[in-house]
Amino acid sequence: MRVLVVGSGAREHALCLALAADPAVTALVCAPGNAGTATVAEYRRLDVSDPAAVAALAAEVAAGLVVIGPEAPLVAGAADAVRAAGIACFGPSAQAARLEGSKAFAKEVMAAAGVPTARARLCTSAEQVAAALAEFGPPYVVKDDGLAAGKGVVVTDDPTVAREHAAACGRVLVEEYLDGPEVSLFCVTDGTTVLPLLPAQDYKRIGDGDTGPNTGGMGAYAPLEWLPPGTVERVVREVAQPTVDELRRRGTPFAGLLYVGLAMTAAGPRVVEFNARFGDPETQVVLALLDSSLAGLLHAAATGTLAGHPAPRWRPGAAVTVVVAAAGYPGTPRLDDPVRGGDQPGVIHAGTRRDGDGVLRSAGGRVLSATATGASLPAAREAAYRLVAGIELAGGQYRTDIADLASRPGLGFSVDA
Ligand code: AMP
Ligand code: GLY
């Protein structure tokens, strides 16, 4: 199978590594990719925001499967354009991708499907915001309604900060605060059948101990041994399957990756957010543990044949990834700094480029993500931090507590089933 991966982040590099190692894949192209994908996949120039250009490239490289990584091309209709060209595409239509593109739409679908989530009010004026903040009380949760690369959400005890964020966004959701550890569950679906991958945990804040502003994600680990048995099945039954069924019923089936972001509250799993694509950095750890064909799985989802497809197999043990971000991130990142140690096995590239002299340079907020597996979570964590120690980036920032609590017997999370 000839595969085209669209995108240029760590998720796309992780997808390319898994696809390059898959015997079912005969040719691999990544467009536009980064310095990491260029070492495992053929490079092509591409404006990912142009659906016609994505479809044209898919035809030009004779792709048998197109995998669209980021949300922006999905919301713009890239998957529709590829499918219209008669090429199998892993990724939802623009209509179905609104599950991520509009938080208000996601809430509406969840209400119709009976999916448990935080109560929320859609607000377009300062008066509505003030009333909703008063209704739910602190901690205040204010979300930009549109796409914001994981940075449109403010969770704060300070009503002034909450009001200012709402004013800056315009159209926002004000939500009830969900208390409990967060879980990311990726579900592969063809619009009817749902196959869950391993649950993972992401670290959203920039600083150790979950301090500082939200980011796109600073690290992750999988699997989650502290999850009560049966949680994955419960989330498929109560969340993913009803959502997929509801979108099919509306005539806008969701075929691709339904990313379920959950809070494990005392009352059970509650949806924090949906995304319409693989998450970053969770993809790095989930795919590091995958022991069956990724191309076969994604192709089955793209062609409506998931019902007959075997469930994915997993390697024993655990995986940990630690993101190294540029100085200034999650604000405006400093770019073009030389990066050393970026070509070690397990280092997954996010915002990188290679200059004319072959020197690796930072080219984005999140630069690299050091990913390692191990027989146990503590072993994987140690190996990931050994990799980080071999990376040099001036002003680089990383968290030192990824997978820390969960690695300590008796000190990790626990939640009631
Ligand atoms: P989102 O973009 O919706 O995933 O939000 C980003 C992050 O904000 C989440 O991963 C949570 O850490 C936090 N968050 C979002 N919604 C809530 C909520 N209702 N209660 C508590 N934390 C939330
Ligand atoms: N890990 C968060 C995201 O991909 O949105």
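You'll find the structure just up there.
Just so it is clear, the structure is predicted and the values come from calculations on it, not from any experiment.

(A) Up close: the overall build of the chain. Each helix and strand counted, the chain has 13 helices and 24 strands in total. Taking 22 Å as the expected radius of gyration for a compact globule of 417 residues, we find that the chain reaches 20 Å, a close match to that expectation. Along the longest, intermediate and shortest principal axes, the C-alpha atoms of the chain span 55 × 50 × 40 Å. Classification of the 417 residues of the chain by burial places 57% in the buried group.

(B) The arrangement of the packing of helix α6 (residues 103-113) against helix α9 (residues 231-249) in detail. One way to put it is that α6 packs onto α9 with a least axis distance of 9 Å and a crossing angle of 100°. Relative to α9, the element α6 is oriented roughly perpendicular. Residues Phe105, Val109, Ala112 and Ala113 of α6 touch α9, and the partners they reach there are Pro242, Thr243, Glu246 and Leu247. For the contact of α6 with α9, the per-class residue count stands at 6 nonpolar, 1 polar and 1 charged.

(C) How the structure looks around the packing of helix α5 (residues 94-101) against α6. Between α5 and α6, the least distance of the axes is 6 Å, while the angle of their chain directions is 100°. Comparing the axis directions of α5 and α6 gives the class roughly perpendicular. Note on element contacts: α6 touches α5 through Lys103, Phe105, Ala106 and Val109, opposite Gln95, Arg98, Leu99 and Gly101.

(D) View of the sheet that holds strand β7 (residues 140-144). Ordered by their spatial adjacency, 4 strands build an open sheet running β6-β9-β7-β8, and the pairing between neighbours is antiparallel. The open sheet has two edge strands with one neighbour each: β6 (120-123) and β8 (153-156). Neighbouring strand axes in the sheet, compared pairwise and without regard to direction, differ in orientation by 20° on average. Sheet analysis places β7 next to strand β9 (residues 172-175), joined by 4 bridges and oriented antiparallel. If you follow Val142 over to β9, its bridge partner there is Val174.

(E) Summary view of the pattern of salt bridges. For the coordinates displayed, the defined rule picks out 30 salt bridges. Taking the shortest distance from any N to any O, the salt bridge between Asp210 and Arg399 comes out at 3.0 Å. Here the residue Asp210 occupies a position in the loop between β13 (205-207) and β14 (211-214), and Arg399 occupies one in the loop between β24 (392-393) and α13 (404-407), the gap between them amounting to 189 residues. According to the relative accessible area criterion, Asp210 is partly exposed, its value standing at 47%. On the basis of relative accessibility, which here comes to 1%, the residue Arg399 falls in the buried class. Where Arg340 meets Glu392, a salt bridge forms, and the shortest distance between an N and an O atom there is 3.3 Å. In this pair, Arg340 is assigned in strand β19 (residues 339-340) and Glu392 in strand β24, connecting sequence segments 52 residues apart.

(F) Structural context of the sheet that holds strand β16 (residues 256-265). The 4 strands are arranged β11-β10-β16-β17 in an open sheet whose pairing can be described as antiparallel. At either margin of the open sheet sits one strand with a lone partner, and together these are β11 (194-196) and β17 (268-275). Within this sheet the neighbouring strands show an average axis-to-axis angle of 35°, counted without direction. Bridging between β16 and β17 involves 7 bridges; their strand directions are antiparallel. Across the sheet, the residue bridging to Leu262 is Val271, located in β17.

(G) A look at helix α2 (residues 51-60). Within the span of α2, buried status applies to Val54, Ala55, Leu57 and Ala58. Mapping the buried residues of α2 onto a view down its axis gives an arc of 160°, with all of them on the same face. Every exposed residue of α2 that faces more than 90 degrees away from the buried side is listed here: Ala52 and Glu60. Buried-residue contacts for α2 involve β1 (2-7), β2 (27-32), β4 (65-68) and α4 (78-84). One side-chain oxygen at the N-terminal end of α2 lies 3.1 Å from the backbone nitrogen of Ala52; it belongs to Asp50.

(H) Molecular detail of the environment of Tyr221. As for its placement among the helices and strands, Tyr221 is situated in strand β15 (residues 219-222). By relative accessible area, which is 0% here, Tyr221 ends up buried. Taking the C-alpha atoms as reference, Tyr221 lies 5.9 Å from Val285; in sequence the two are 64 residues apart. Among the polar contacts made by the side chain of Tyr221, one reaches the side chain of Gln201 at a distance of 2.7 Å. Here Trp226 takes part through its side chain, which lies 2.9 Å from a polar atom of the side chain of Tyr221.

What counts, and where the lines are drawn
Residues numbered from 1 in each chain as written. Chains lettered and ligands numbered in written order. Predicted model: local features only at pLDDT ≥ 70, side-chain atom pairs only at ≥ 80, totals over all residues. Heavy atoms only, no water. Helix = DSSP H or I, 4+ residues; strand = E, 2+ residues; numbered from the N terminus. Rg over C-alpha atoms; globule rule 2.2 N^0.38 Å. Buried < 20%, exposed > 50% of the residue type's maximum accessible area, 1.4 Å probe, protein only. Axes fitted to C-alpha atoms, helices over the stretch in contact; angles between N-to-C directions. Parallel < 35°, antiparallel > 145°, perpendicular 65-115°, else oblique. Contact = heavy atoms within 4.5 Å. Nonpolar A, V, L, I, M, F, W, Y, C, P; charged D, E, K, R; others polar. Pairing = 2+ DSSP bridges. Salt bridge = Lys/Arg side-chain N within 4 Å of Asp/Glu carboxyl O. Arc of directions from axis to C-beta. Polar contact = N/O pair within 3.5 Å; in protein donor to acceptor, adjacent residues only side chain to side chain.

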